[in-house]
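Below, each chain spelled out in residue letters.
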Amino acid sequence: MSDHYKITKESLLLMAEYNVWATHRLITTLRKVSNTEMQRDVGLFFKSIFGTLNHLLVGEHHIWYLRFSQSISPRLALNAIVETDLVDLLNQLEIKSTNWIPLIESLDEITLNGDLNYQTTSGEQKCLPYAATLLHVFNHGTHHRGQITAALTALGYESPVLDLVYMLVERHS
């Protein structure tokens, strides 16, 4: 059994809502970027903005979501290009980001405070704290959105402000 952390369902819902909000803001900006610039190798870990967006789709939705929602561990490369059409890629990321909210809302305390057993993409068995690992998914998205905004700035585009506090200000003004 893994160490467990005091992570509440409400905190996870906040992060899931932030994930939807930040994804929407980023995609709104990315819709103004040419396909050529989206495909350009700008030195990111997954080379281009397009490659990084595909990684987000793979990691967040084709791997982690299935691990949490269906106890399935797909064997999919983290750099797989699962969506070749830019418009479809952006649409899928935006739509699928909303899937996490009902999943988290459906969690009971036993599941939330339990373990997530899964296989890595290379087939290795893992057992990690469920809630903390779910928090990882949202942190991972934040990390890669930050890379993408840096690439946008380097390409001469104005980047959206994606800090969580700006979502809170919008909601509490």
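(A) Up close: the layout of surface pockets. By volume, the largest pocket amounts to about 210 Å³. Along its surface, the largest pocket is lined by H55, G59, I63, W64, R67, L78, Y118, T120, T121, H136 and H140. Top contributing element to the lining of the largest pocket by residue count: helix 3 (residues 49–70), with 5 residues. Residues of the lining of the largest pocket, tallied by class, amount to 4 nonpolar, 6 polar and 1 charged.

(B) Structural view of a nonpolar patch on the surface. Together, V161, V165, Y166, L168 and V169 make up a nonpolar patch on the protein surface, roughly 400 Å² of accessible area in all. By the element assignment, V165 lies in helix 8 (residues 164–171).

(C) Spatial organisation of the packing of helix 1 (residues 9–30) against helix 8. Running from amino to carboxyl end, helix 1 crosses helix 8 at an angle of 95°, the nearest separation of the two axes being 10 Å. Our classification of the angle between helix 1 and helix 8 gives roughly perpendicular. Counting all contacts with helix 1, which are made through L14, E17, Y18, W21 and R25, the residues of helix 8 involved are L164, Y166, M167, L168, E170 and R171. Classifying every residue of the contact of helix 1 with helix 8 by side-chain character gives 7 nonpolar, no polar and 4 charged.

Reading the values: rules and limits
Residues numbered from 1 in each chain as written. Predicted model: local features only at pLDDT ≥ 70, side-chain atom pairs only at ≥ 80, totals over all residues. Heavy atoms only, no water. 1 Å grid on protein atoms, 1.4 Å probe; cavity = no way out; pocket = protein on both sides within 12 Å on 5 of 7 lines; lining within 4 Å. Points joined across faces, edges and corners; volume = space filled by probe spheres on them. Helix = DSSP H or I, 4+ residues; strand = E, 2+ residues; numbered from the N terminus. Nonpolar A, V, L, I, M, F, W, Y, C, P; charged D, E, K, R; others polar. Patch = residues over 30% accessible without salt bridge, like charges linked within 9 Å, V, L, I, M, F, W, Y side chains within 5 Å. Areas by Shrake-Rupley, 256 points an atom, 1.4 Å probe, with all protein chains shown as cover. Salt bridge = Lys/Arg side-chain N within 4 Å of Asp/Glu carboxyl O. Axes fitted to C-alpha atoms, helices over the stretch in contact; angles between N-to-C directions. Parallel < 35°, antiparallel > 145°, perpendicular 65-115°, else oblique. Contact = heavy atoms within 4.5 Å.

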